[in-house]
Amino acid sequence: MSEPLLTIEDLIVEKHKESKVIISRLNLQVASGEMIGLIGESGCGKSMTARAILNLLPGQMNAKGKILYKNRNLLGLSRQEHRKLLGKEIGIIFQDYRGSFTPFIRIGKQMVETIQVHNPLSKNEAKAVALEVLAEMGLEAERVYSNYPFQLSGGQVQRAAIAMSLALKPSLLICDEVTTALDVMSGEKVLDYIEKMSKETGCAVLMITHDLTQAYKRTDRIYVMEQGEIVETGTPEVIRCHHQHPYTKKLCGCLLALPGEERRSEPTNEKVMSI
Ligand SMILES: Nc1ncnc2c1ncn2[C@@H]1O[C@H](COP(=O)(O)OP(=O)(O)O)[C@@H](O)[C@H]1O
Ligand SMILES: [Mg+2]
C-alpha cells in the first residue's frame, strides 16, 4: 500500500449529553487509488464515521482522536477550513440526495457554479465538464442539465449529485450507501464510473455500504464494523472466505452466494438480514 492519504487514529465519537459512545477507537487507512469498504449493520456507526471526517456530525456529538488527511489533523480545523476541503479535496456523497441541489435552480446552473468555484474554467468549459459527467452517469445529459431538481426522479437526482461530486475530481471520495436509491443497472453504472475515475485520477474511495456483494466486487480492502468498533479488516477474499470474527461470520452468512458461485462461508442462518 502506498502512503495513506487518510489515516484515522483512535477516533471516538460520543453523544456528549448522554456520554453515549457512537464510535470507539476506530482506526482506518485509505491510500490514493485505493477503494476501501466499510461494512456493518444499520446503526453501527458507518455514516457517523463519514460525517466525523468533514465535521458534519450532528450537534450533540463530538469527535476525539486524529483524522489525518495529507498529514493535517482534520479534527483541529475550523468550520471554514473544513468547508474549503469539501468538494475539491474530499467529496462526500450521501444516501439522502435531497439536500444535494437547491430545488428551484436548474441542475446545470448549480453544477456550473460549483465547478467554477473550484476550477478556473469559463462557463462554457464548466458546462462541457458538467455534460460529460452527467452522460457518464447514464443520464440524458442535455435534458437533466436544463431541468430543475423537482422535474427529475429521486434516482436521477442522486446520479446528478454523484456526477457533481465526480466533476470536481476529489482526492478522496466518500460514498455513503450511494446506490440505495438506484435500480441495479444504474447502481452498477455509477460504481463502474467511480472505479474508472479512481483508476484514472488516483482518487481514494471510502465506500460505505451494507451491500456485501458490492464491497466484495469493488474494494481492495474491507473494514467490518460492529456497534462503533472495527472488528475485522482484510481483503475481500479474506473477509469473505477466511474471516475470524463471529460478527463477520454472521454478516457473511446472511449473504446468499454470488451468482454462479457456491456459497463458501458457513451460513449461520438462511435469512437475508437487514444490514
Ligand atoms: N442525527 C442523529 N442524531 C442523533 N443520533 C444519531 C443521528 N444519526 C445517527 N445517530 C445514531 O448514531 C449511531 C450510528 O448511526 P449511523 O452512523 O447513522 O449508522 P449507520 O450509518 O451504520 O447505519 C446510531 O445509534 C444512531 O441512532
Ligand atoms: Mg448510514
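Quick caveat: nothing in here was measured; it's all calculated off a predicted structure.

Q: Where do I start with the pattern of salt bridges in this structure?
A: Between side chains of opposite charge, pairing is possible as soon as their charged atoms come close. Per the counting criterion, the structure on display carries 13 salt bridges. As a salt-bridge pair, Arg25 and Asp10 come within 3.8 Å of each other at their nearest N and O atoms. Remark: Asp10 occurs in strand β1 (residues 4-15) and Arg25 occurs in strand β2 (residues 20-31); sequence separation between them is 15 residues. Given a relative accessible area of 53%, Arg25 falls into the exposed group.

Q: I tried to follow the UniProt feature "domain: ABC transporter" (unreviewed entry) in the protein chain on my own but got confused; where do I start?
A: Under the present numbering, the feature "domain: ABC transporter" (unreviewed entry) in UniProt falls on residues 6-252. As annotated, residues 6-252 comprises 40% helix and 26% strand, and the C-alpha atoms at either end are separated by 27 Å.

Q: Whenever I open this one, the site of ligand 1 confuses me. Can you help?
A: Near ligand 1 you find 14 residues, and of these Gly43, Gly45, Lys46, Ser47 and Met48 are the closest. Taking Ser47, its side chain carries an N or O atom lying 2.8 Å from an oxygen atom of ligand 1. Within the side chain of Gln60, one N or O atom sits 3.2 Å away from a nitrogen atom of ligand 1. Within the residue set of the shell around ligand 1, elements represented by two or more residues are β2 and α1 (46-53). Sort the elements by how many residues they give to the shell around ligand 1 and α1 lands first, with three residues. Looking at the shell around ligand 1 residue by residue, the classes come out as five nonpolar, five polar and four charged.

Q: What exactly am I supposed to notice about the sheet that holds β1 here?
A: Strand pairing within a sheet occurs via backbone hydrogen bonds; the two strands may be parallel or antiparallel. Pairing in this open sheet of four strands is antiparallel, and the strands run β2-β1-β4-β5 from one edge to the other. Two strands close off the open sheet at either side, each with one partner strand: β2 and β5 (72-73). α1 contacts β1, β2 and β4 (61-69) of the sheet and is inclined by roughly 115° relative to β1.

Q: What's the story with the packing of aromatic side chains in this structure? I'm lost.
A: Two measures describe an aromatic ring pair: the distance that separates the ring centres and the angle between the ring planes. Within this structure, the stated rule accounts for two aromatic pairs. Relative to Phe150, the ring of Phe104 lies with its centre 5.6 Å away and its plane at 50°, an arrangement referred to as tilted. Of this pair, Phe104 sits in the loop between β6 (90-93) and α3 (107-118) while Phe150 sits in the loop between α5 (141-146) and α6 (154-167); the two residues are 46 residues apart in sequence, bridging distant segments of the chain. Relative to Phe150, the ring of Tyr148 has its centre 5.6 Å away and its plane inclined at 10°; by these criteria the two rings are stacked. Three or more aromatic residues joined by ring pairs form one cluster here, namely Phe104, Tyr148 and Phe150. A cation over an aromatic ring shows up here: Arg51 above the ring of Phe94, its NZ or CZ 4.4 Å from the ring centre.

The rules behind these values
- Residues numbered from 1 in each chain as written.
- Chains lettered and ligands numbered in written order.
- Predicted model: local features only at pLDDT ≥ 70, side-chain atom pairs only at ≥ 80, totals over all residues.
- Heavy atoms only, no water.
- Salt bridge = Lys/Arg side-chain N within 4 Å of Asp/Glu carboxyl O.
- Helix = DSSP H or I, 4+ residues; strand = E, 2+ residues; numbered from the N terminus.
- Buried < 20%, exposed > 50% of the residue type's maximum accessible area, 1.4 Å probe, protein only.
- UniProt positions renumbered as here; feature names shortened; annotations may be inferred.
- Near = heavy atom within 4 Å.
- Polar contact = N/O pair within 3.5 Å; in protein donor to acceptor, adjacent residues only side chain to side chain.
- Nonpolar A, V, L, I, M, F, W, Y, C, P; charged D, E, K, R; others polar.
- Pairing = 2+ DSSP bridges.
- Contact = heavy atoms within 4.5 Å.
- Axes fitted to C-alpha atoms, helices over the stretch in contact; angles between N-to-C directions.
- Phe/Tyr/Trp six-rings, centres within 6.5 Å; stacked < 30°, edge-to-face > 60°.
- Lys NZ or Arg CZ within 6 Å of the ring centre and 35° of its normal.

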